[in-house]
Amino acid sequence: MSKPKYYITTAIAYASGKPHIGNTYEIVLADSIARYKRLQGYDVFFQTGTDEHGQKIELKAEAAGITPKEHVDKVAGEIHRIWDLMNTSYDKFIRTTDADHEAQVQKIFKKLYDQGDIYKGAYEGMYCTPCESFWTESQLVDGKCPDCGREVKPAREEAYFFKMSKYADRLIEHINAHPEFIQPVSRKNEMMNNFLLPGLQDLCVSRTSFKWGIPVTFDDKHVIYVWLDALTNYITGIGYDCDGESTEQFKKDWPADLHLIGKDIIRFHTIYWPIFLMALGLPLPKQIFGHPWLLQGDGKMSKSKGNVLYADDLVDVFGVDAVRYFVLHEMPFDNDGVISWELMVERLNSDLANTLGNLVNRTISMTNKYFGGVVTNTGVTEPVDEELKAVALGVPGKVAAKMENLRVADAITEIFTLFKRCNKYIDETMPWALAKDEAKKDRLATVLYNLTEGIAIGAALLEPFMPETSERILAQLNAKKRGLEELDTFGLYESGTKVVEKPEILFARQDMKEVLAKAEALQEAQAKAAAEEAAKESAAQGGSANAAGTAANVAGGAANAAANVTGSAANAAGGAADAQDGTCTCGCADGAAEAVIDIEPKEEITFEDFGKMQFQVGEIIACEAVKKSRKLLCSQVKIGSQVKQIVSGIKAHYTPEEMVGKRVMVLVNLKPAKLAGVLSEGMLLCAEDENGELALMVPEKPMPSGAEIC
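Residues numbered from 1 in each chain as written. Predicted model: local features only at pLDDT ≥ 70, side-chain atom pairs only at ≥ 80, totals over all residues. Heavy atoms only, no water.

(A) Just the sheet that holds strand β12 (residues 219–224), in detail. One open sheet accounts for three strands, arranged β10-β12-β11; its pairing is antiparallel. Here the strands that pair on one side only, and so sit at the sheet edges, are β10 (206–207) and β11 (215–216). Note that β10 and β12 share two bridges and pair antiparallel. Looking at the pairing, S206 lines up with I224 of β12. Sheet strands in contact with helix α4 (residues 99–114) are β10, β11 and β12, and its direction is about 105 degrees off that of β12. (Pairing = 2+ DSSP bridges. Helix = DSSP H or I, 4+ residues; strand = E, 2+ residues; numbered from the N terminus. Contact = heavy atoms within 4.5 Å. Axes fitted to C-alpha atoms, helices over the stretch in contact; angles between N-to-C directions.)

Structural data, given as structure tokens:
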């Protein structure tokens, strides 16, 4: 009987620079899903790669004094190295500069042109170079790019366009008929309400203002727009031929079972890509999952600041599986996650070194101490054993249910529930006490057997997420690797097996001060390298203001992209120092909706004093009540690429549920203070009327997180 197929892809990484930890999260997430599917018996094909064309790359190469191909060869090699470092089990690494891919893209463009889906025209609008996108004036947010928040410039150029509206109704019908097509549901609602239902504009699919792209065969002034080029990798990589015979692999694997992508490019994958496929007469992928971002926890990521987090730096300090564990376990299903050096240390010490590592070490050490390393099931059971067995046998099904819905973090939590239960079992049975009574030796043997079996089951389930750790645990136990179908029975560990004489430390505890010292040294080196790179780019651009601006835009693009994929983070600050007594902590402003309120004026300040205050728009991504406080709410607020914790005295006016999702005005640079023992890093601005009713100050128009209030 043949295995069912499962074709999974990541977005291909843009080859403008070294991938940061947010980019790396996606490949690790996809790898965990692919590995789990293989355990389930699927014939998995896992594809990733690099997107290597476009104006940004042309500018980067020019600034570095090399050709675009030399630039992308270097960057693609670095991406390849990091994907391998993270032990990802991809089956194909495609590059959009591969000759077979380029040839197919040209044929696809010609086919769509010949059938009338592409036509020639001219584009005039506001152009964002980092996003390589045109926008109309109405689409801009505060005069800036609605995707990245950066400057746009007026531009006009001859271009070919794709008739998006021709297929829009078909796509809407498909999405309505297949609720699983776009996940999470919030992403589907965003695409429907913001783009499809208001009506699609025709899409620019060629460019003439730069040359680093795939030429249009019948009009060599034009190169093919990077998204039409990049998106088609999902079919060219498995052998699609639009005017010939596609390969057997394409016939087997298409449609894709899962496109795994960051939420910032969900529009391209759920609107443009399905419509391109419809035009080609191909079935649509079964599911597109727009995962959230991994946010920098201690401020906006910036090369110049030296605080961009890279996977290889983290691996040097914590190890591959510790980094895999963190990025997978700390990322919620549909909300952004946060990463920092401090959080990494805390998780490694608590979850990995203590809960897991100490469990394995103690169990093997006690087996060696009391039985010469031989694990024997003597069958002397007590009621306490049944709960451990029930947890061990229940976890595989719970993990399967979580993975079916792509809730990877929750699946890992279920596995660690088993490890925690094993630790509790040690406390309940007290093997050291049993060892003092010769009459209880058989009972002690059974206790250690049950622990060994529980760990072996957990290690088998851990393989997709932490493959090296799983292998190391099983090797120390001398346990056979089990398939998922074998995890429905407790007691398959062969009685009489001998464990290793000396257990190895799976995860060494880390000292916070030492790690932060290493991080500081890395930041200094990174900032120095960024300054040198900026100087080279400025010199290469000839020192003109325009060229320097271009270089800054390109260099900033890498840092901003880093901030975007590790997060579109957010910082907000609230409830700060002017309310240390626990009264209103929200920075109430003057005025009310229906009345004129006079308040006693405070001391006048100078413009310079006012200029010291930094106000920005923040998005509340999480909120909870502060324990033991009647007035305080604690919000996690994202601003640009930061997340800040803000405590505000508005519990009487807003529930935590009402707070989540609001765009609010934030005083960002207020000195941190503790309120009711909880750190607050800023202030949410509110207005208060004569009755003491409070209202959060919110932007009149939709504003991106991080927009400056001036």
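(B) How the structure looks around the environment of L633. Tracing the chain through its elements places L633 in strand β21 (residues 633–639). A relative accessible area of 0% means that L633 is categorised as buried. Along the primary structure L633 and Y654 are separated by 21 residues, whereas in three dimensions their C-alpha atoms are 8.7 Å apart. (Buried < 20%, exposed > 50% of the residue type's maximum accessible area, 1.4 Å probe, protein only.)

(C) Expanded view of the packing of helix α1 (residues 21–39) against helix α12 (residues 320–329). Close contact between α1 and α12 brings their axes to 9 Å; oriented N to C, the two are set at 90 degrees. What the angle tells us is that α1 and α12 run roughly perpendicular. Every residue of α12 that contacts α1 at I21, Y25, V28, L29, D31, S32 and R35 is listed here: V323, R324, V327 and L328. Across the contact of α1 with α12, the residue classes tally to seven nonpolar, one polar and three charged. (Parallel < 35°, antiparallel > 145°, perpendicular 65-115°, else oblique. Nonpolar A, V, L, I, M, F, W, Y, C, P; charged D, E, K, R; others polar.)

(D) Looking closely at the packing of aromatic side chains. Evaluated as defined, the whole model comprises 23 aromatic pairs. One aromatic cluster in this structure is built from Y7, F45, Y234, Y240, F250, W254 and W273. Directly above the ring of F268 sits R267, whose terminal nitrogen or CZ lies 4.7 Å from the centroid. (Phe/Tyr/Trp six-rings, centres within 6.5 Å; stacked < 30°, edge-to-face > 60°. Lys NZ or Arg CZ within 6 Å of the ring centre and 35° of its normal.)

(E) Molecular detail of helix α13 (residues 341–371). In α13, a bend of some 40 degrees at A353 exceeds every other bend along the element. Phi turns positive one or two residues past the end of α13, at G372, with a value near 65 degrees. (Bend = angle between axes of the 7 residues up to and from the residue.)

(F) Molecular detail of the pattern of salt bridges. Evaluated as defined, the whole model comprises 40 salt bridges. In this structure, D73 engages K69 in a salt bridge whose closest nitrogen and oxygen atoms are separated by 2.7 Å. Within this pair, D73 and its partner K69 are both found in helix α3 (residues 68–85), separated by four residues, close to a single helical turn. In the salt-bridge network here, residues are joined through shared partners; they are K263, D336, E619, K638 and R663. (Salt bridge = Lys/Arg side-chain N within 4 Å of Asp/Glu carboxyl O.)

All we've got here are geometric facts, nothing functional implied.
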